[in-house]
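# Structural description and commentary
These are the residues of each chain, in order.
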Amino acid sequence: HADEPMAVVGLHCRFPGHANDPGAFWHNLQQGRYSVGEIPATRWDVNAYYDPDPSVNGKTYVRHAGLIDEVDQFDAELFSIAPREVTTMDPQQRVVLEVAWHALENAGISPSSLEGSQTGIFIGIGSNEYYQLLQRSSLPAEDTGYMASGNALNVVAGRLSYLLGLHGPAMAVDTACSSSLVALHLACQSLRSGESDLALAGGVNVILVPETSIIFSKARMLAPDGRCKTFDAGADGYVRSEGCGMVVLKRLAEARRDGDPILAVVRGSAVNQDGRSAALTAPNEIAQQAVIRAALRQAGLAPSAVDYVEAHGTGTALGDPIEVQALGAVYGQGRPADQPLRIGSVKTNIGHLESAAGIAGLIKTVLALQHRQIPPHLHFRQLNPHIDLAGIPAEIPCTLTAWDTPAGVPRIATTRSRAGPCPTPTP
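Reading guide: rules and limits
- Residues numbered from 1 in each chain as written.
- Predicted model: local features only at pLDDT ≥ 70, side-chain atom pairs only at ≥ 80, totals over all residues.
- Heavy atoms only, no water.
- Helix = DSSP H or I, 4+ residues; strand = E, 2+ residues; numbered from the N terminus.
- Rg over C-alpha atoms; globule rule 2.2 N^0.38 Å.
- Buried < 20%, exposed > 50% of the residue type's maximum accessible area, 1.4 Å probe, protein only.
- Contact = heavy atoms within 4.5 Å.
- Areas by Shrake-Rupley, 256 points an atom, 1.4 Å probe, with all protein chains shown as cover.
- Lys, Arg positive; Asp, Glu negative; His and termini not counted.
- Charge placed at Lys NZ, Arg CZ, Asp CG, Glu CD.
- Pairing = 2+ DSSP bridges.
- Axes fitted to C-alpha atoms, helices over the stretch in contact; angles between N-to-C directions.
- Salt bridge = Lys/Arg side-chain N within 4 Å of Asp/Glu carboxyl O.
- pLDDT = per-residue confidence, 0-100.
- Phe/Tyr/Trp six-rings, centres within 6.5 Å; stacked < 30°, edge-to-face > 60°.
- Expected span 1.5 Å × (residues − 1).

## Focus on the overall build of the protein
Helix and strand counts for the protein come out as 14 helices and 14 strands. Since a compact globule built from 427 residues should have a radius of gyration of about 22 Å, the 21 Å found for the protein is in line with a globular shape. With the principal axes as the frame, the protein shows a C-alpha extent of 65 × 60 × 40 Å. Counting every position in the protein, which comprises 427 residues, the buried fraction comes to 58%. Look at the contacts in the protein between residues 6 or more apart in sequence, and 79% of them connect residues 24 or more apart. Summed over its atoms, the accessible surface of the protein is roughly 16400 Å², and 52% of this surface lies on carbon and sulfur atoms. Side chains of the protein give 32 positive and 42 negative charges; the mean places of these two sets differ by 5 Å.

In structure tokens, the structure reads:
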């Protein structure tokens, strides 16, 4: 069925702030902790590449990033991978294997039980900075034979299918910042078509070299103070972050039949492209409105039924107002003044995870649904003058906020991400 809802039956994550599981991630969100710090010497010498002047060649004006723990560690024996192969294996592959394994355990599914099953793997991934490090190193000739399989982006999905013996589709998805939510959208489509009976969807990003940050600095994309000040008048860019999040999806009717834990329900999703806009990377408000309406139609929801939007919200002077205008044009329809739409962005907590950004927002939303609380939106002091919340009406929760609904009325949220395609999955 084209509109069949999907159940989130398990999830796991490794996010900045020592959030190595969903419980730790929720604790950080609930407490309003900011999980970004100065880049340590274990990644690169931040002083050697730093200059506050954005025009200085070969330098970046940022010193901060949101990083995860022990990105250099891996239990190769558990996954039956030889030490020599691990040496040239992109840490993103390692992290995905570990997080996917724990997500299945969270769902009460033994990974070894899936061999031969129509389980699909959909992973958002957009870059490989480890390969740049390998090219600079002097590896013995006998160790270079694994470089191709260790660093191809498509192998991040294929290796997981190989490890578990899965026969469903396996694909890496690259639509920039929206990659992990597009992966979720494709997973739902695969389940609805019967191509998959179970699916793992998510995204990964690992930061290892300064060159990408230097490039983004030249484009003035990054916030000098290392804070995503989403919707704030002082918004001046984002901070780069890394991590991995995975969810386990199953058709809702079958999850109920099998007695699976149902953490949230994905009732609809949609993907589109901005088409022509002011510039290649500039957002298109009309296109954003269209994709939101498409997701709501598939979900069978009225705009006013949505309580909360986990926004893309990178903290840019151009993108934030256009996104809120699009949200208001759709979600403001028929919305009572005493039931304002709540809007937030996990990027204010953990930074922008790029290809894993969307799944971080989705996992935050699932946890908020479970705990009946909306975590505080950080770094918000004064509303961007180009944003009108009163006209929607909407509000930005800056403190831990109870998420209550009348008896029998479900809590409903949407999670958004953009860059390339702009998806709006709706759990």
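## Topic: unusual backbone geometry
Cis geometry is found at the peptide bond from Ile392 to Pro393, where omega equals -10°. Considering the arrangement of structural elements, one finds Pro393 in the loop between strand S11 (373-374) and strand S12 (394-395). Positive phi outside glycine occurs at Glu70, with the angle close to 50°. Relative to the assigned elements, Glu70 resides in the loop between strand S3 (64-65) and helix H3 (83-87). Even without a glycine there, the phi angle at Arg372 is positive, about 55°. Relative to the assigned elements, Arg372 resides in the loop between helix H14 (357-371) and S11. Arg372 gets classed as partly exposed once you look at its relative accessible area, which sits at 46%.

## Details of the sheet that holds strand S7 (residues 243-251)
On the basis of which strands lie adjacent, the open sheet formed by 6 strands has the order S5-S4-S6-S7-S1-S8 and mixed pairing. Since the sheet does not close on itself, it has two edges, and those belong to strand S5 (170-173) and strand S8 (264-266), each with one partner. Each adjacent strand pair in this sheet contributes to an overall mean axis angle of 25°, direction not counted. For strand S4 (residues 119-124) and S5, the ladder comprises 4 bridges, and the chain directions are parallel. Following the sheet pairing, Ile123 is matched in S5 by Ala172. With respect to the sheet, helix H7 (residues 155-164) is in contact with S4, S5 and strand S6 (198-205), its orientation differing from that of S5 by roughly 155°.

## Focus: the sheet that holds strand S10 (residues 341-344)
The strand order across the open sheet built from 4 strands is S12-S10-S9-S14, with neighbouring strands paired in parallel fashion. Among the strands making up the open sheet, the edge pair consists of S12 and strand S14 (413-415). Sheet analysis places strand S9 (residues 308-310) next to S14, joined by 3 bridges and oriented parallel. The residue of S14 that forms the bridge with Val309 is Thr414.

## What about the pattern of salt bridges?
A full pass over the atoms with the stated rule returns 17 salt bridges. In this structure, the salt-bridge partner of Arg251 is Asp197, at a minimum N-O distance of 2.8 Å. Here the residue Arg251 occupies a position in strand S7, and Asp197 occupies one in the loop between helix H8 (179-193) and S6, the gap between them amounting to 54 residues. Given the relative accessible area of 9%, Arg251 is considered buried. For Asp197, a relative accessible area of 37% translates into the label partly exposed.

## Some remarks on the confidence of the model for the protein
In the predicted model, the protein carries a mean pLDDT of 93, and 97% of its residues have values of at least 70. Taken together, the stretch residues 420-427 has pLDDT below 50 and engages in 56 contacts with residues farther than four places along the chain or on a different chain.

## Overview of the packing of aromatic side chains
Applying the stated rule across the entire model yields 5 aromatic pairs. Measuring from ring centre to ring centre gives 5.4 Å for Phe74 and Phe79, while their planes differ by 5°; the resulting arrangement is stacked. Assessed through its relative accessible area of 17%, Phe74 is described here as buried. Clustering of aromatic rings is evident, with ring pairs tying together Phe74, Phe79 and Trp101.

## Let's talk about helix H12 (residues 319-331)
Taking 1.5 Å of rise per residue, the 13 residues of H12 would be expected to cover 18 Å, and the 18 Å separating its terminal C-alpha atoms lies within 8% of that figure. Counting buried positions along H12 yields 11 of 13 residues, so the element is predominantly enclosed. Restricting attention to buried positions, one finds in H12 the residues Gly319, Asp320, Pro321, Ile322, Glu323, Val324, Ala326, Leu327, Gly328, Val330 and Tyr331. Those residues of H12 hidden inside the fold are in contact with helix H11 (285-299), S9, S10 and S14.

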